[in-house]
Amino acid sequence: MKKLFKLLIFSGYVFSCPVSAHEVITWVSPYYINDSKTVLENSYGGIPVKSTLTRVGLQFWNISSKGSVNLLHSTDADVRWFANWGKQNNIKILLTVINDGSIENGYWGFDWTLVRAACYDTRGDTLIANLLAEVDKYELAGIDLDFEGEDNQGGPFTNDDDVKYAVFVNKLCDSLHARGKICTIDTYPGNDWGAPRP
């Protein structure tokens, strides 16, 4: 995992050098918080890692079927360290939220049934309010959705998923943009692990 993280950091540098207008993001997993702090403070080949990034997503939040968001294997102090580090280094820190089923239903991995329960119809309003409250609490730059599903719990996606997920994403992004915040979505070229196309 460390090698992968370093590769992501290095590839971010390579792609960010020629055109400064590009946004370059990496993620911090709750399982490698201290290692990530070390990597972010280091230099490789004489190039400080922090000079190669514009955004860092903290994969610390998980949703519940009721629309709450909870820190996953991380602490308030961890979030505040990265939030302060981002401000000091002019790097936007994002709340990355996932749909890990291990807490609520014992399914280890991404669970689309949580997304259906928390995000669809008017229930999504509760989740959006809770996500925005976390962004405000930690003074973060925005939200990065990392909801995955199809080949895991809750798949396959249906046309209903496509429509209802798009409604949720649009509401969330509109709410963030109205506050001057960022909204990003992690996705994949195929649909084996990703979310429906909003």
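Here is a short report on the structure shown in this document. Each chain has its residues counted from 1, following the order in which its sequence is written. Only residues with pLDDT of at least 70 are given local features in this predicted model, and only at 80 or more are side-chain atom pairs given and counted; all residues enter the totals for whole chains, interfaces and linings. Side-chain measures were taken over the full set of non-hydrogen atoms in the model, leaving aside hydrogen atoms and water.

Structural notes on the overall build of the protein chain
So, point 1. Under the scheme used here, helices are H or I runs from DSSP no shorter than 4 residues and strands are E runs no shorter than 2 residues, and both carry numbers assigned from the N terminus. Across its full length, the protein chain holds six helices and eight strands.
So, point 2. In sequence order, the secondary structure elements of the protein chain are arranged as α-β-α-β-β-β-β-α-β-α-α-β-α-β.
So, point 3. In these tables, accessible area is a Shrake-Rupley quantity obtained with a 1.4 Å probe, and a residue counts as shielded only by the protein chains included in the view. Summed over its atoms, the accessible surface of the protein chain is roughly 9,700 Å², and 55% of this surface lies on carbon and sulfur atoms.

Details of the pairing of strand E7 (residues 142-146)
So, point 1. Each residue gets one of three labels from its accessible area relative to the maximum for its type: buried under 20%, exposed over 50%, partly exposed in between, using a 1.4 Å probe on protein chains only. Of all the five residues making up E7, five are buried; the element is thus mostly covered by neighbouring parts of the structure.
So, point 2. The two faces of E7 match: Gly-142, Asp-144 and Asp-146 on one face and Ile-143 and Leu-145 on the other face are all buried.
So, point 3. Pairing of E7 with strand E8 (residues 182-185), which is carried by four bridges, proceeds in the parallel orientation. Across the sheet, Ile-143 pairs through a bridge with Cys-183, a residue of E8. Strands are labelled as partners when DSSP assigns at least two bridges between them.

Remarks on the state of the cysteines
So, point 1. Cysteine sulfur atoms that come within 2.5 Å of each other are treated as a disulfide pair. Evaluated as defined, the whole model comprises one disulfide.
So, point 2. Covalently, Cys-173 is tied to Cys-183 through a disulfide, its sulfur atoms 2.2 Å apart. Taking the torsion about the S-S bond as the criterion, the Cys-173 to Cys-183 disulfide, at about -55°, is left-handed. Residue Cys-173 is found in helix H6 (residues 159-178), and its partner Cys-183 is found in strand E8; the two are separated by 10 residues along the sequence. No difference in accessibility class separates Cys-173 from Cys-183, as the two residues are buried.

Concerning the packing of helix H2 (residues 33-41) against helix H3 (residues 76-88)
So, point 1. Axis definition: a line fitted to C-alpha atoms, limited for helices to the stretch in contact. Angles are taken between N-to-C directions and run from 0 to 180 degrees. Across the interface, H2 lies against H3 with an axial gap of 12 Å and an inter-helix angle of 10°. For the element pair H2 / H3, the angle class is roughly parallel. On the side of H2, the interface is formed by Ile-33, Ser-36, Lys-37, Leu-40 and Glu-41, while H3 contributes Asp-78, Trp-81, Phe-82 and Trp-85. Our angle categories are set so that under 35 degrees counts as roughly parallel, over 145 as roughly antiparallel, 65 to 115 as roughly perpendicular, and the remainder as oblique. Residue contacts are defined here by distance: any two heavy atoms, one from each residue, within 4.5 Å place the two residues in contact.

Focus: unusual backbone geometry
So, point 1. At Asn-90, a residue that is not glycine, the phi angle is positive and equals roughly 55°.
So, point 2. Considering the arrangement of structural elements, one finds Asn-90 in the loop between H3 and strand E6 (92-98).
So, point 3. For Glu-139, which is not glycine, the phi dihedral falls at a positive 55°.
So, point 4. Checked against the element boundaries, Glu-139 lands in the loop between helix H5 (123-138) and E7.
So, point 5. With relative accessibility at 56%, the residue Glu-139 sits in the exposed group.

With respect to the pattern of salt bridges
So, point 1. One side-chain nitrogen of Lys or Arg within 4 Å of one carboxyl oxygen of Asp or Glu is enough to make a salt bridge. In total, this model carries 10 salt bridges according to the counting rule given.
So, point 2. One salt bridge connects Lys-137 with Asp-76, and the closest N-O pair in it is separated by 3.9 Å. With a gap of 61 residues between them, Lys-137 in helix H5 and Asp-76 in helix H3 connect regions that are remote in the sequence.
So, point 3. Through salt bridges with shared partners, a single network forms among Asp-76, Arg-80 and Lys-137.

Quick word on H6
So, point 1. Expected span of a helix: the number of residues minus one, times 1.5 Å. Taking 1.5 Å of rise per residue, the 20 residues of H6 would be expected to cover 28 Å, and the 29 Å separating its terminal C-alpha atoms lies within 8% of that figure.
So, point 2. Restricting attention to buried positions, one finds in H6 the residues Asp-161, Tyr-165, Ala-166, Phe-168, Val-169, Leu-172, Cys-173 and Leu-176.
So, point 3. Of the surrounding elements, those touching the buried residues of H6 are helix H4 (112-119), H5, E7 and E8.
So, point 4. Immediately downstream of H6, the backbone of Gly-180 shows phi near 75°, a positive value.

Quick word on the pairing of strand E1 (residues 25-28)
So, point 1. In E1, alternate side chains face the same way, and those of Thr-26 and Val-28 are buried while those of Ile-25 and Trp-27 on the opposite face are not.
So, point 2. Here E1 runs beside strand E4 (residues 55-63); their pairing, made up of four bridges, is parallel. The partner of Val-28 across the bridge, within E4, is Leu-58.

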